[in-house]
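# Architecture and fold: a report
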Amino acid sequence: MLDARCYRYHLREDAVVHGPVLPQDPERPAHDLVRGGALSLRGRRSTADETAPIERNKLYKEAYNKYLGKMAQQIEVEDPVNKYLAGSKVTSVYVPIIITIFLADMLEFFDFGILSVTMPIWTTSWHLTGFEIGLLVSTVGIGGTVGAFVLPALSDRVGRRPVFVWTLLLLAVSTALIGLVPERGLGYLYVLRIFQGLAIGGLYAIDYTIIQEMAPARIRGTLTGSVSMLLPLGLAIASFLGALLLPNWRLLYFIGAVPAVLSLVGRLFMPETPRSLYVRRKFGEAAKSIAYLLRVKDPSWISNVEKEFADFYEKNPPKLERWYSQFVILARKWREFIGVVALTGFTIGFVWYMISPYIPLYLELNYHMAAAAAAAIYGTISLTMVATRFAASAVTDVIGRKATIILVLAITAVGAFATAPLLGSAALLWALLPLAYGIDSSYSPTFVYANELYPTRSRSTASGTTYTIARIASIISPIILGIYLGTPPSLQHAWPSFAIAGILAIIAIIGILLLRLPEMKGRGLKA
């Protein structure tokens, strides 16, 4: 239900219809509206007005329809950037953009890859309890929840580029400092993991927004997904480095700061996204950003685009008066918020952070293998995830976003229910594979879809909120897993965690189907 707050509609010279809350049913009788406080009439009213309920009903209905139109225009404002990027080609200009964003996003997976291969060593040498093992992943979720909620919303206000740079600096420093943590310095480790999560939470959500706001509509899903497709390389690289360098885990964290520095250098030479500049009324810079993407160097062309943007903005202003307006837009599109941002986001966070970071530990507990051997197997699995992510990304532009999300969640549910009874058996690895592939492949279509459902002035907020909810789930699931693992850790006791994962995937599928969400494949973005 739409929520009106103090909007006025001048229907004629002698009457104004206004009200704090308008009903969904425009046929509701006028006397009920007035009695309920939904609407009131102010101004000069004649005797005929007082005695003509049919006329008053028409006024209320007209006010309601005007309100709906006004709110729809404020939420779904056309973006003039679509005109220039809709039919553009992916040229060499996009290569450094994709590489820079890939290096930044890869840091999260590289970080979890390092954590995954060092966790078995810490578990043995530091004599960790199941709860302490769970906190190693949950603490980054605490920071990620704050980062994903605050930083993307900030980027909708000040731009993508500066927030991107801040998060990279924080991530590089906090990762390198973990290499200096003293033996069994869990307190220091947990604090640094929170700072890592703060940076990662903002970085991941903003990166998706950057590539989507620069990509042509016809391949937006594929191009955005291609960045996500390469992210498991971070897990693979960290795992293979672990197989080579373990038990020297400190060196792994020093190396972990290198991709952040490389990505930071690349981002300093990249322009701000034209859509972000446009909604912040920086029309000249927006025109230059589009010229950069289209490889146009004609000053007169840039000047004409700048003038066109200014004129278009004046006629169709995408209003964003206060910071909370970004979240109000999310709430008004409540079906999209519940189905994609909330249900799917929570499911991804719960399942992924219970599975992927712990695969080497599962292998060590189940097969009693060395940490280096578990790291090598984990690296191989991570490499094959590149192919499954590519498949999920490509399919989004063929069968659509919704169908792709439902497919990968169904694979996740089957894998979770298959894994639960096989914990402790020799067949565990084969049950884990579809579960790991399914939940990992869900990232690309979900974040592509969540971003496309909302306009530019709240797009990064939508992505960040999705990631925030995923991060809240990432705090919960490792703690639940750690409690079930117990002390000393016993994998057979953890089967309820996997059952919960399967149930959540089914709930998310049902939610997407029942809410009848719109398909965004091939459609232009809104301002």
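Refer to the structure above for everything that follows.
Residues numbered from 1 in each chain as written. Predicted model: local features only at pLDDT ≥ 70, side-chain atom pairs only at ≥ 80, totals over all residues. Heavy atoms only, no water.

### Digging into the overall build of the protein
Stated formally: Secondary structure elements are taken from DSSP: a helix is a run of H or I of four residues or more, a strand is a run of E of two residues or more, and numbering for both begins at the N terminus. Each residue is placed in one exposure class: buried if its accessible area under a 1.4 Å probe, protein chains only, is under 20% of its type's maximum, exposed if it is over 50%, and partly exposed if it falls in between. Surface exposure here means Shrake-Rupley accessible area, sampled with a 1.4 Å probe, where a residue is shielded only by the protein chains that are shown.
Helix and strand counts for the protein come out as 24 helices and three strands. Counting every position in the protein, which comprises 527 residues, the buried fraction comes to 58%. Surface accessibility of the protein: about 20400 Å² in total, with carbon and sulfur atoms responsible for 67%.

### Points about the packing of helix H14 (residues 283-294) against helix H15 (residues 299-315)
The cut-off we apply is this: Each axis is a line fitted through C-alpha atoms, and for a helix only the stretch in contact is used; angles between axes span 0 to 180 degrees, taken between their N-to-C directions. Roughly parallel covers angles under 35 degrees, roughly antiparallel covers those over 145, roughly perpendicular covers 65 to 115, and oblique covers all other angles. Crossings are assigned a handedness: left-handed for a near helix turned anticlockwise from the far helix by less than a right angle, right-handed for a clockwise turn. By definition, residues are in contact when any of their heavy atoms lie within 4.5 Å. The residue classification treats Ala, Val, Leu, Ile, Met, Phe, Trp, Tyr, Cys and Pro as nonpolar and Asp, Glu, Lys and Arg as charged. All others, Gly included, are polar.
Here H14 crosses H15 at 130°, and the two axes come no closer than 8 Å. Considering the angle they form, H14 stands oblique to H15. Where H14 crosses over H15, the two elements pack in a sense that is right-handed. Touching Phe-283, Gly-284, Ala-286, Ala-287, Lys-288, Ile-290, Ala-291 and Leu-294 of H14 are Trp-301, Ile-302, Val-305, Glu-306, Phe-309, Ala-310 and Tyr-313, all from H15. Residues that form the contact of H14 with H15 fall into these classes: 12 nonpolar, one polar and two charged.

### Considerations on the environment of Gly-147
Note that Gly-147 resides in helix H6 (residues 130-158). Using a relative accessible area of 0% as the deciding quantity, one classes Gly-147 as buried. A C-alpha to C-alpha distance of 4.3 Å links Gly-147 and Leu-198, two positions 51 residues apart in sequence. Here Gly-147 is in contact with Pro-152, Leu-198, Gly-201 and Gly-202, once residues within four sequence places are set aside.

### Some details on the nonpolar core
The line we're drawing: Throughout this description, the term nonpolar core refers to a set of buried Ala, Val, Leu, Ile, Met, Phe, Trp, Tyr and Cys residues connected via side-chain atoms within 4.5 Å.
Trp-122, Phe-309 and Phe-498 are the most contacted members of the largest nonpolar core, which totals 117 residues. Among the elements that line this core, the one with the most residues is helix H5 (residues 94-125), at 18 residues. Every residue in contact with Phe-498, bar those within four places of it in the chain, is listed here: Met-354, Ile-355, Tyr-362, Ala-416, Thr-419, Ala-420, Leu-423, Leu-432 and Leu-435. Val-340, Leu-409, Leu-453 and Leu-517 belong to the second-largest nonpolar core, a separate cluster that totals 12 residues.

### Focus: unusual backbone geometry
The amide bond that connects Leu-246 to the next residue, Pro-247, takes the cis arrangement and shows omega of 15°. One non-glycine residue with positive phi stands out, namely Arg-184, at about 50°. Here Arg-184 shows up in the loop between helix H7 (160-178) and helix H8 (186-214). Judged by relative accessible area, Arg-184 falls into the partly exposed class, the value being 39%. The phi dihedral of Arg-281 falls on the positive side, at around 65°, and the residue is not glycine. By secondary structure assignment, the location of Arg-281 is in the loop between helix H13 (274-279) and H14.

### As for the packing of aromatic side chains
For clarity, the threshold we go by: Stacked, edge-to-face and tilted labels apply to pairs of Phe, Tyr and Trp rings (six-membered ring for Trp) whose centres lie within 6.5 Å, assigned for plane angles under 30 degrees, over 60, and everything in between, in that order.
A full pass over the atoms with the stated rule returns 14 aromatic pairs. Between Trp-352 and Tyr-353, the aromatic rings sit 4.9 Å apart at their centres with planes inclined by 70°, giving edge-to-face as the arrangement. In this structure Trp-352 comes out as buried when scored by relative accessible area, which is 1%. Judged by relative accessible area, Tyr-353 falls into the buried class, the value being 0%. Through pairs of rings, three or more aromatic residues link up here, namely Trp-122, Trp-126, Trp-249 and Tyr-253.

### Topic: the side chain of Ser-174
For Ser-174, the location among the structural elements is in helix H7. Using a relative accessible area of 3% as the deciding quantity, one classes Ser-174 as buried. Residues in contact with Ser-174, not counting those within four places in the same chain, are Leu-192, Phe-195 and Gln-196.

### Some words on the side chain of Asn-366
Stated formally: Any pair of nitrogen or oxygen atoms within 3.5 Å is treated as a polar contact; in protein, a donor-acceptor pairing is required on top of that, and neighbouring residues in sequence qualify only through side-chain atoms on both sides.
Considering the arrangement of structural elements, one finds Asn-366 in helix H18 (residues 359-367). Under the relative-accessibility criterion, Asn-366 is labelled buried at 11%. In terms of polar contacts, Asn-366 uses its side chain to reach the backbone carbonyl oxygen of Ser-425, at 2.9 Å. Other than its neighbours up to four places away in sequence, Asn-366 contacts Leu-423, Gly-424, Ser-425, Leu-428 and Leu-491.

### What to know about a nonpolar patch on the surface
The following threshold applies: Patches in this entry comprise residues that are over 30% relatively accessible and not in a salt bridge; like charges within 9 Å are linked, as are nonpolar side chains (Val, Leu, Ile, Met, Phe, Trp, Tyr) within 5 Å. Just to be clear on terms, a salt bridge is a Lys or Arg side-chain nitrogen sitting within 4 Å of an Asp or Glu carboxyl oxygen.
A surface patch of nonpolar side chains, amounting to about 550 Å² of accessible area, comprises Phe-417, Ile-503, Ile-506, Ile-507, Ile-510 and Leu-514. Per element, the largest residue contribution to the nonpolar patch is five residues, and it comes from helix H24 (residues 495-515). By the secondary structure assignment, Phe-417 is in helix H20 (residues 401-419).

### Some thoughts on the pattern of salt bridges
The final tally for this structure, using the stated rule, is five salt bridges. With a shortest N-O distance of 3.2 Å, Glu-183 and Arg-250 are connected by a salt bridge. Here Arg-250 lies in helix H11 (residues 249-255) and Glu-183 lies in the loop between H7 and H8, a separation of 67 residues in the sequence. On the basis of relative accessible area, Arg-250 is assigned to the partly exposed category, the value being 23%. A salt bridge links Arg-280 to Glu-272, with the shortest nitrogen-to-oxygen separation between them at 3.6 Å.

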